[in-house]
Every structure is written in C-alpha cells, then in structure tokens.
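So you can see what is in the structure, the chains are spelled out below.
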Amino acid sequence: MLPVDLPDAVRDALLAPLVDHHCHGVRRDDLSRAQFELLIGESRTPAPPGTTHFDTPLGAAIRRWCAPVLDLEPHVAPAVYLGRRQELGAGEVNRRLLQASGVVAFLVDTGLEAPDLLSAAEMGRHGGAAADEIVRLEQVEQDIADSAAVAVDYMDSLGEELVARAARAVGLKSIIAYRCGLDFDPSRPSRGSVIAAANRRLSDPRERLVDPILLRHLLWTAVDVARDRALPIQFHTGYGDADLDMSRADPAQMTGFIRALQPLGIPVVLLHCYPFHRQAAYLASVFPHVYVDVGLTLTHTAAGSARILDELLELVPFHKQLFSSDCYGLAEGCHLGAVYFRLGMAGALGRRVESGEWSAADAARVAHMAGSGNARRVYRL
C-alpha cells in the first residue's frame, strides 16, 4: 500500500497502530443497498434517479480498498460488493474492517447512540481495541431539557449531569457549529439571561437547542468541568451534512473563545476543518492549547486527501496534529480513514525526506505523533 521507496523507519511508523480520537458507532444490522448508499455521503438523501452514491470519491474508495478486506478483487461492481457484505453478515464485516484499520483505541462520540449502532464498548470488542467515550454536550443538554421542571433546576442539573458523564469519559464535544455557528459571542452569559432563555427553552424542550445564550451557557459549563477534570473539548468545524451553514463553520470565527480558554489550559480540538484546514493549522500554530485533525475529510475526498494532508503540514505544529476517521454507520469509514491517513502522510513525509528537507528519523517521529502519540497525550490514554 505504501510507496516502495519510503524509508523503513517511516514505513514502520505509518503502519504502527493508530488512535482514532473521534468516531461514532457503526450499524450492527445488515443493510439494503438503499440504506448503505444513504450512509456513503453526508447529504443523507438518495442519489438522483439513474445515479448512485457509489459514483463519488468515497464510493470508488470503498470498491478499491474495502473490497479486498471482504475477499473481493479491487474495483468490483457495487452490486458484487454489497452482495458479499450480505453474505458475510454485519458482524463479520464490522470485525474485518475495524480490525483492518489497525486502530488500537477508539474514542467514540456517543451523542448519536441508537439501538442499531454499536456502543463504544462494542466498537472496541469488534475492532480488537480499547474504547473510551467522548461526551456530546448538546445531547446532555437535551436530556436535561426533557426532564427539568424550572429554569433553576435546568441550570443545576446541567452542571451535575456533565460532571457525572465526564467522570467516565476522556473528552467532551460540541456541535455548536451546527446550532448557531462558530461566530458566537465568546463571553460567559449572565445568570439572568440564562434563566430567561431556559424558561423559553422549557416551554418546548423537544425542539433542537439553537438559542445562542443557552449554547454559550452549555459551553462555559463544560469549560468548568473540563478544567476540573483536565479534559479536552472537541469542536466540529468545516465539512458536514446539509444542516450545517458552511460559511459559519470556519474555526477562525471562534478565535475569541479560543483566546478566552488559553489561560485555563483546556485543550481545544478542531475536528475535520476542511476546507478551512489552513485556518485551523494557523490557530494551532499560534495558540498552545489548540489541536487539529482533518477527520472525515480523508474518506470523503479519498484520493484527494493526500493534497489536503500536505497542506495541513505546511503550518501545523507536528505535536498538534491528530488522526480520526469520524466513521459513522459504516465500518468502511474507519478502514478508509486509516488507509488515506497512511497514504497521505506517506506521500507528504516521503517528499520531504527525498528533498532533504527532513531526515527519515524526523519523518518517522512526526508519523508516530500524528498517528497516536499526540492523542495519547491530549486525552491522557
């Protein structure tokens, strides 16, 4: 898989076990073609009549890199691939693909838990790896809104529940980019404004939380918990599904909040970032507590991901880059994330070694840091 002229030390470092610091559960059930295709793209809608989601970079990547893991030739037709998937069954497919990724630890965002998705523990068992939980803040808030009677109960219960869930997690995560954008007011809201907003919230608690005051309150409550427990906070940035306003998902827009957290020493982890990966690399280069990955970008851009990783390496401090697959629903996402991380890093590092810019030892050290070492340090694994 890796270039034949890659120095042995770099090859060994890239093939070493990875820490997938951000992923989701994959489906435990057998999928029809229609169900499978809905999970290939971020649109979550069927392909137009007469077309298929297999005609995407990700669809082609599945046929190229996942087919051999299921004992098929590369580039088989989608119908053949899906037929083999059905023949093996979801359990065997998940075990093969998760284990083929070479991931030694999964950090699982449990905010999308559902009966048809593997839990964090099951992801670990199927993948033959360790597994830990990342707590999604907005899901905790939804649980509290469903049960709180009055605004004061809402505020007290939110803090207590975050403390309880953080006690068994290795990190927290926010999707505020989806709810109000990253250009939010970075200050901590006043208690009076939170009480007024909470009263409005509790009048219709099943609605998705989009109130900027309550979202800021949620974030700052999480900051208090993260500071006390020395936990990082992940933020979705950049590329995502159709619910996202991409123009408000640029991580540079949350610079004020990042600056406010610097004295507290709380690690801020910017997920995905594309097409704002250069802005994210800048933030990581000027703020000591900021870390980045390109996450699901690797799988969705597939063969194009090598260029994106190369661009990230233009500026990112090497001790600030992390690996994640952001797989969701399909174990193929985990395997492909690992494949394209290794291929992309091999190309970027190999060119630097070949030109004499780096030594092979330097390149191997960077590969180890990005693949697992940085995540182990940030999440205290």
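Within each chain, residues carry numbers counting from 1 in the order of the written sequence. For a predicted model such as this one, the threshold for reporting local features is a pLDDT of at least 70, and the threshold for listing and counting side-chain atom pairs is 80 or more; totals across whole chains, interfaces and linings nevertheless cover every residue. Note: side-chain values were computed over all heavy atoms of the structure, leaving out hydrogens and water.

### A look at the overall build of the protein chain
Stage number 1. Summing up its helical and strand segments, the protein chain has 17 helices and seven strands in all.
Stage number 2. Taking 21 Å as the expected radius of gyration for a compact globule of 381 residues, we find that the protein chain reaches 21 Å, a close match to that expectation.
Stage number 3. Taken over the C-alpha atoms alone, the protein chain extends approximately 65 × 50 × 35 Å along its principal axes.
Stage number 4. Here the protein chain, with 381 residues, has 59% of them falling under the buried criterion.
Stage number 5. Looking at the protein chain alone, contacts between residues at least 24 apart form 75% of all its contacts between residues at least 6 apart.
Stage number 6. Once the 38 positive and 47 negative side-chain charges of the protein chain are each reduced to a mean point, those two points are 2 Å apart. The way it works is that DSSP assigns letters per residue, a run of H or I at least four long becomes a helix, a run of E at least two long becomes a strand, and they are numbered from the N terminus. Radius of gyration means the value over C-alpha atoms here, while the globule rule gives 2.2 Å times the residue count to the 0.38 power. The buried label applies to any residue whose accessible area, calculated with a 1.4 Å probe on protein chains only, is under 20% of its type's maximum; exposed applies above 50%, and partly exposed to all values in between. Throughout, a contact is declared for two residues whenever any of their heavy atoms are within 4.5 Å. All tallies of charge rest on Lys and Arg as positive and Asp and Glu as negative; His and the ends of each chain are not included. Taken as the charge centre is NZ of Lys, CZ of Arg, CG of Asp or CD of Glu, depending on the residue.

### Details of helix α6 (residues 120-127)
Stage number 1. Taken across its eight residues, α6 has six buried, putting it largely inside the fold.
Stage number 2. Among the residues of α6, A120, E122, M123, G124, H126 and G127 are the ones counted as buried.
Stage number 3. Positive backbone phi, at 60°, marks G128, one or two positions downstream of α6.

### Digging into the pairing of strand β4 (residues 171-174)
Looking down a regular strand, the side chains alternate between one sheet face and the other.
Stage number 1. Of the two faces of β4, both are covered, the one formed by G171 and K173 as well as the one formed by L172 and S174.
Stage number 2. Here a strand pair is declared whenever DSSP counts at least two bridges between the two strands. Examined bridge by bridge, strand β3 (residues 130-136) and β4 share three bridges and lie parallel to one another. Looking at β4, one finds that V135 is bridged to L172.
Stage number 3. Bridge analysis of β4 against strand β5 (residues 233-237) gives three bridges, and the strand direction is parallel. In the strand pairing of β5, L172 is matched with I233.

### Some remarks on the layout of surface pockets
Stage number 1. For the largest pocket, the calculated volume is near 680 Å³.
Stage number 2. Residues are called lining when one of their atoms sits within 4 Å of a cavity or pocket point, these points coming from a 1 Å grid over the protein atoms alone, where a cavity is a set in which a 1.4 Å probe fits but cannot get out and a pocket is an open set with protein on both sides within 12 Å along at least five of seven lines. If you trace the largest pocket, you find 34 residues lining it, with H24, R44, L112, R136 and D241 closest to the centre.
Stage number 3. Among the secondary structure elements, those contributing two or more residues to the lining of the largest pocket are α2 (33-40), α3 (57-66), α7 (137-147), α9 (176-179), α14 (297-301) and α16 (331-354).
Stage number 4. No other element matches α7, which puts three residues into the lining of the largest pocket. Grid points are joined across faces, edges and corners, and a volume is the space filled by probe spheres set on the points.

### Quick word on the packing of aromatic side chains
Stage number 1. Working definition: rings of Phe, Tyr and Trp (its six-membered ring) pair if their centres are within 6.5 Å, and the pair is stacked with planes under 30 degrees apart, edge-to-face with planes over 60 apart, and tilted otherwise. All chains considered together, the criterion is met by seven aromatic pairs.
Stage number 2. Ring centres 5.5 Å apart and planes at 75° place the aromatic pair W220 and F257 in the edge-to-face group. Highlighted residues: W220 in helix α11 (residues 212-229) and F257 in helix α12 (residues 255-261), separated in sequence by 37 residues. Just as W220 is buried, F257 falls in that class too.
Stage number 3. When the centroid spacing of 5.0 Å and the interplanar angle of 50° are considered together, the rings of F323 and F341 count as tilted. Here the residue F323 occupies a position in the loop between α15 (305-312) and α16, and F341 occupies one in helix α16, the gap between them amounting to 18 residues.
Stage number 4. An aromatic cluster of at least three residues, connected via ring pairs, comprises F184, W220, F235 and F257.

### Some thoughts on unusual backbone geometry
Stage number 1. Residue P275 is bonded to the preceding Y274 through a cis peptide linkage, with omega at 5°.
Stage number 2. Its location among the elements puts P275 in the loop between β6 (268-272) and α13 (277-286).
Stage number 3. Backbone geometry places D71, a non-glycine residue, at a positive phi of 70°.
Stage number 4. Its place among the elements puts D71 in the loop between α3 and α4 (78-88).
Stage number 5. On the basis of relative accessibility, which here comes to 52%, the residue D71 falls in the exposed class.
Stage number 6. Although it is not a glycine, C273 adopts a positive phi angle of roughly 70°.
Stage number 7. Assignment of secondary structure puts C273 in the loop between β6 and α13.
Stage number 8. Judged by relative accessible area, C273 falls into the buried class, the value being 1%.

### Let's talk about the side chain of E141
Stage number 1. Position of E141 among the secondary structure elements: in helix α7.
Stage number 2. A distance of 2.8 Å separates a polar atom in the side chain of E141 from a polar atom in the side chain of R201.
Stage number 3. In contact with E141, other than residues within four places in its own chain, are Y154, L158, R201, L209 and L218. Distance and chemistry together define a polar contact, namely a pair of N or O atoms within 3.5 Å, with one atom able to donate a hydrogen and the other to accept it when in protein, and with adjacent residues in sequence counting only for side-chain atoms on both sides.

### A short note on a nonpolar patch on the surface
Stage number 1. A cluster of nonpolar side chains, Y282, V286 and L315, forms an exposed patch at the surface whose accessible area comes to about 270 Å².
Stage number 2. Locating Y282 in the fold gives a position in helix α13.
Stage number 3. On the accessibility criterion, Y282 (44% relative accessible area) is partly exposed. Here, patches come from residues exposed beyond 30% relative accessible area and free of salt bridges, joined within 9 Å for like charges and within 5 Å for nonpolar side chains (Val, Leu, Ile, Met, Phe, Trp, Tyr). Here, Shrake-Rupley sampling with a 1.4 Å probe gives the accessible areas, and only protein chains in the shown set may cover a residue. By convention in these notes, a salt bridge is any Lys or Arg side-chain nitrogen within 4 Å of a carboxyl oxygen on Asp or Glu.

### Description of the pattern of salt bridges
Stage number 1. Scanning the model with the defined rule gives 29 salt bridges in all.
Stage number 2. Through salt bridges with shared partners, one network takes in D71, R84, E87, E92, R95 and R96.

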